[in-house]
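Structural overview for review
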Amino acid sequence: MTQKYHVKVNDSFDYDVTQSEIESLDVKTLSSNSYHVLHDHTSLKVEVTKQDFFNRNYQVKINGNTYDIAIANKLDLLIEEMGLSLGSLQMVNDIKAPMPGLILEVNVKEGDEFKEGDYLLVLEAMKMENTLTAPRDGVVKSVSITKGETVEKNQLLIEME
C-alpha cells in the first residue's frame, strides 16, 4: 500500500498526493534548496525559501510565484480529526511581535476582555499593515507598547491572563 499525503497550498487549495506520484516526478537538484522539475511536459524552477521540517510547513517559489505549503500524512489527519493536535492543548498568554515594525494602532488596554479573533493591534512592517488578533478568549493583563512605538521581532506586545 502506498503512502498518501494531504497537501494544502496557501490555506486555499487542497490536494491528495501518493508516494508513487511524488516518485514519478522528474526532479534535478540544482543546489541545496533549488530544483528543476519536469511535470506534464512543463519545466518548473522550484526554490524552497522557508522550511519548518518538524511541522511540515514550507514556503516554495515556483517560477517566481511564492506558495505556502502544509503537508499532512494519514496519522496527522487522524489526530486533527480527533481534536488531539498539540495546538489545541497550548495556552497562548503572550502576543509577541512576529517581525520588526511600527505600532500603528492599539485596540485594547489593561483589564479589557476580548474574544478569539478580536483585533488587538496593528503593526506596520515592510510597508504592510498587519492586524494581530486574539488567539483565544481572555483578559488583557498588560500592554507593553504604545501607538507610534517601534518594536523588534519577538518583543512582548500584550500579556494575557
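Refer to the structure printed above.
What you see is a predicted model; the values in this text were computed from it and never measured. (Residues numbered from 1 in each chain as written. Predicted model: local features only at pLDDT ≥ 70, side-chain atom pairs only at ≥ 80, totals over all residues. Heavy atoms only, no water.)

Observations regarding the overall build of the protein
- Across its full length, the protein holds three helices and 15 strands.
- Rg of the C-alpha trace for the protein: 20 Å, well past the compact-globule value of 15 Å for 161 residues, more than 25% over.
- Taking the principal axes of the C-alpha coordinates as reference, the protein spans close to 60 × 40 × 25 Å.
- Relative to its 161 residues, the protein shows a buried fraction of 23%.
- When contacts within the protein are restricted to residue pairs at least 6 apart in sequence, long-range pairs at least 24 apart make up 43% of them. (Helix = DSSP H or I, 4+ residues; strand = E, 2+ residues; numbered from the N terminus. Rg over C-alpha atoms; globule rule 2.2 N^0.38 Å. Buried < 20%, exposed > 50% of the residue type's maximum accessible area, 1.4 Å probe, protein only. Contact = heavy atoms within 4.5 Å.)

Considerations on the sheet that holds strand β3 (residues 26-31)
- Ordered by their spatial adjacency, seven strands build an open sheet running β2-β1-β7-β6-β5-β4-β3, and the pairing between neighbours is antiparallel. The sheet terminates laterally at β2 (13-18) and β3, the two strands that pair on one side only. Across the sheet, the mean angle from the axis of one strand to that of its neighbour is 30°, orientation sign disregarded.
- As paired strands, strand β4 (residues 34-39) and strand β5 (residues 42-52) are joined by six bridges and run antiparallel to one another. Within β5, the residue paired with valine 37 across the bridge is leucine 44. (Pairing = 2+ DSSP bridges. Axes fitted to C-alpha atoms, helices over the stretch in contact; angles between N-to-C directions.)

Considerations on unusual backbone geometry
- In this structure, asparagine 10 is a non-glycine residue whose phi angle is positive, near 55°.
- By the element assignment, asparagine 10 lies in the loop between β1 (4-9) and β2.
- The class of asparagine 10 is partly exposed, set by a relative accessible area of 32%.

Observations concerning the environment of valine 151
- Inspection of the secondary structure puts valine 151 in strand β14 (residues 150-151).
- Linking valine 151 and asparagine 55, residues 96 residues apart in sequence, is a C-alpha distance of 27 Å.
- For valine 151, the contacting residues outside a window of four places in its chain are Ala97, Pro100, Gly101, Ile103, Leu123, Ile145 and Leu157.

So, to be careful, I would describe these as geometric facts and stop short of saying anything about function.
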